[in-house]
Amino acid sequence: MSATRSVEFDVKDIGLAKQGKQRIEWSEREMPVLRLIRERFAEEKPLSGAKLVACAHITTETANLARALQAGGAEAILIASNPLSTQDDVAASLVSDWGIPVYAIKGESTDTYNRHVRTALDSHPEIIIDDGSDVVATLIKERGDQVKELVGSTEETTTGIQRLKAMEAAGVLSFPSIAVNNAQTKHFFDNRYGTGQSTLDGIIRATNILLAGRNLVVVGYGWCGKGVALRARGMGANVIVTEIDPIKAVEAVMDGFRVMPIADAAAVGDIFVTVTGNRHVIDGDHFARMKDSAIVCNSGHFDLELNLVALREMASEPLTMRPFVEEYKIKANGRRIIVLGEGRLINLAAAEGHPASVMDMSFANQALSVEYLVKNKGKLAPGVHLLPPEVDTEIASLKLQALGISIDTLTAEQIEYISSWETGT
């Protein structure tokens, strides 16, 4: 670990800062809502003195969230939420140009990742911005004496919210946590349009393959799966969906996709994308049924969506064919399975993550969630909370304003009509 300008940090190369700053500023042009929030924060200082840890993908978009939090008066530390999602030039710029402590290196080991989590907790945060709930889980399991210092947390992902609800059910979540992922201006747009585009971007950058005419299997038809399926169809792929939820499966059918169990899809798919947030949704039996040179990747959260332990036991030592492309040869049948990005988030491992314009709304949610926690310190019950709907609406309104789009409003007569039960047809 090193220090510059009295800021402690652990990044790959502080000399990358100039390039990182240019990219952060480029991204900022596509984030007008967050810019408006940052400008207000700079005037009002609603987060003054708040100690904050943000565990996130260290990208240009996250850098602009960090700038907004800093403008609001927060003392923020950033750490990576995934070993392959850090943009090293961005991490360097945040340290060098904005004086924000960052502990994140692309390709960092699990031990380094865990050390960074504990280093961040050493700062005794009052607010945690989490992405997968690793920091919150570590706090509860290892730093029980610090839990009382926490005002609350926010959570960016479906996976993290599932873990928080499990903590709540187990009676160990003793503070409020805002389910940012469940805000409408987050999952309707970030998960669908962001994941949809950036996942295919990652696959194409890693492999340079043509998607048209290929059988692309989307494992999970939540908002992320819907986005991947929609974009893949737009590029000419034959999309197959696998699901466990009957309602989502019917929706996929009505949207025009083939739906079948993963055991059946395994034999016909050319490309597989997991987006479930669950464990081993592609397992050893599925790998054994796949075609020669089937491509497998994950755009959920953790790499355990793919049972890579089982694959390694079934196959010979993998060959690195290209950056983020590993080929496993199955011993029993000689077929080759191509795994992208070590099974981690392919859109961040091999590409740049979601476009800034969609993260504009997601990170507006994060910034306003932090402000909401600070303003309501001691007033919120422990457990998982939604951001108030009026804040969701405010973010959407700001986005429309930034896009130069106007919409209608109800007249007084219309408001009276929909508020009354007496007036009929």
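These lines cover the structure that appears in this document, whether it is placed above or below. The numbers attached to residues start from 1 for each chain and follow its sequence in the written order. Selection of residues for local features in this predicted model requires a pLDDT of at least 70, selection of side-chain atom pairs for listing and counting requires 80 or more, and totals for whole chains, interfaces and linings are taken over all residues. With hydrogens and water excluded, all non-hydrogen atoms of the structure serve as input to the side-chain values.

Quick notes on the overall build of the protein chain
The criterion, for reference: Numbering of helices and strands runs from the N terminus, with a helix taken as a DSSP run of H or I at least four residues long and a strand as a DSSP run of E at least two residues long. This radius of gyration counts C-alpha atoms alone. The globule rule is 2.2 Å times how many residues there are, raised to the power 0.38. Working definition: with a 1.4 Å probe on protein chains only, accessible area under 20% of the residue-type maximum means buried, over 50% means exposed, and in between means partly exposed. Calculation of accessible area relied on Shrake-Rupley with a 1.4 Å probe; when residues are assessed, cover is drawn exclusively from the protein chains displayed. Counted as positive: Lys and Arg. Counted as negative: Asp and Glu, with His and the chain ends omitted from the count. Charge positions come from single atoms, namely NZ of Lys, CZ of Arg, CG of Asp or CD of Glu.
Assigned secondary structure in the protein chain consists of 17 helices and 17 strands. Since a compact globule built from 425 residues should have a radius of gyration of about 22 Å, the 22 Å found for the protein chain is in line with a globular shape. Principal-axis analysis of the C-alpha atoms gives the protein chain an extent of 70 × 65 × 45 Å. Looking at the protein chain as a whole, 55% of its 425 residues qualify as buried. For the protein chain, the computed accessible surface area is about 18600 Å², with 51% contributed by carbon and sulfur atoms. Side-chain charges in the protein chain split into 43 positive and 55 negative, and the spacing between the mean points of these groups amounts to 4 Å.

Digging into the packing of aromatic side chains
Rule in force here: Here a Phe, Tyr or Trp ring, Trp counted by its six-membered ring, pairs with any other such ring whose centre lies within 6.5 Å, and the pair is stacked when the planes are under 30 degrees apart, edge-to-face when over 60, and tilted otherwise. Whether a charge lies above a ring is judged from NZ of Lys or CZ of Arg, which has to be within 6 Å of the ring centre and within 35 degrees of the ring normal.
According to the stated counting rule, one finds three aromatic pairs in the structure shown. Seen from their ring centres, Phe-188 and Trp-223 are 4.8 Å apart, and the 65 degrees between their planes marks the pair as edge-to-face. Taken together, the residues span a long stretch of sequence, with Phe-188 in helix H8 (residues 184–207) and Trp-223 in helix H9 (residues 223–234) at a distance of 35 residues. Accessibility expressed as a relative area gives 28% for Trp-223, which makes it partly exposed. Over the ring of Trp-223 we find Lys-226, and its NZ or CZ is 4.0 Å from the ring centre.

Observations concerning the environment of Pro-83
Heads up, the rule is: Whether two residues touch is decided by their heavy atoms; if any such pair falls within 4.5 Å, the residues are in contact.
Along the polypeptide, Pro-83 turns up in the loop between strand S4 (75–80) and helix H4 (88–98). Sequence spacing of Pro-83 and Arg-23 is 60 residues, and the spatial spacing of their C-alpha atoms is 21 Å. If near-sequence neighbours (up to four positions away) are discounted, Pro-83 is found in contact with Ile-105, Lys-106, Gly-107, Glu-108 and Arg-344.

Regarding the sheet that holds S4
Definition in use: Two strands qualify as a pair provided DSSP detects at least 2 bridges between them. Between N-to-C directions, angles span 0 to 180 degrees; the directions come from axes that are lines fitted to C-alpha atoms, helices contributing only their stretch in contact.
The strand order across the open sheet formed by seven strands is S5-S4-S3-S6-S7-S8-S17, and the pairing between neighbours is parallel. The sheet is open, and its two borders are formed by strand S5 (102–103) and strand S17 (383–385), each paired with just one other strand. Note that S4 and S5 share two bridges and pair parallel. Paired with Ile-79 across the two strands is Tyr-103, which belongs to S5. Each of strand S3 (51–56), S4, S5 and strand S6 (127–130) touches helix H5 (residues 110–121); the most contacted strand, S4, lies at about 170 degrees to it.

Thoughts on unusual backbone geometry
One non-glycine residue, Ser-293, lies in the positive phi region at around 70 degrees. Topologically, Ser-293 is positioned in the loop between helix H12 (284–289) and strand S13 (294–298). Judged by its relative accessible area of 32%, Ser-293 is partly exposed. The phi angle at Glu-342 is positive, at roughly 60 degrees, despite the residue not being glycine.

Examining the nonpolar core
Under the convention used in this document: In this description, a nonpolar core means a group of buried Ala, Val, Leu, Ile, Met, Phe, Trp, Tyr and Cys residues linked to one another through side-chain atoms lying within 4.5 Å.
Core analysis: the biggest nonpolar cluster contains 51 residues, and Leu-52, Ile-58, Leu-69, Leu-78, Leu-94 and Val-102 have the highest contact counts within it. A per-element tally of this core places helix H15 (residues 356–375) first, with 10 residues. Not counting residues within four places of it along the chain, the set of residues in contact with Ile-58 comprises Leu-78, Ile-79, Ala-80, Ser-85, Thr-86, Gln-87, Val-90, Ala-91, Leu-94 and Ala-104.

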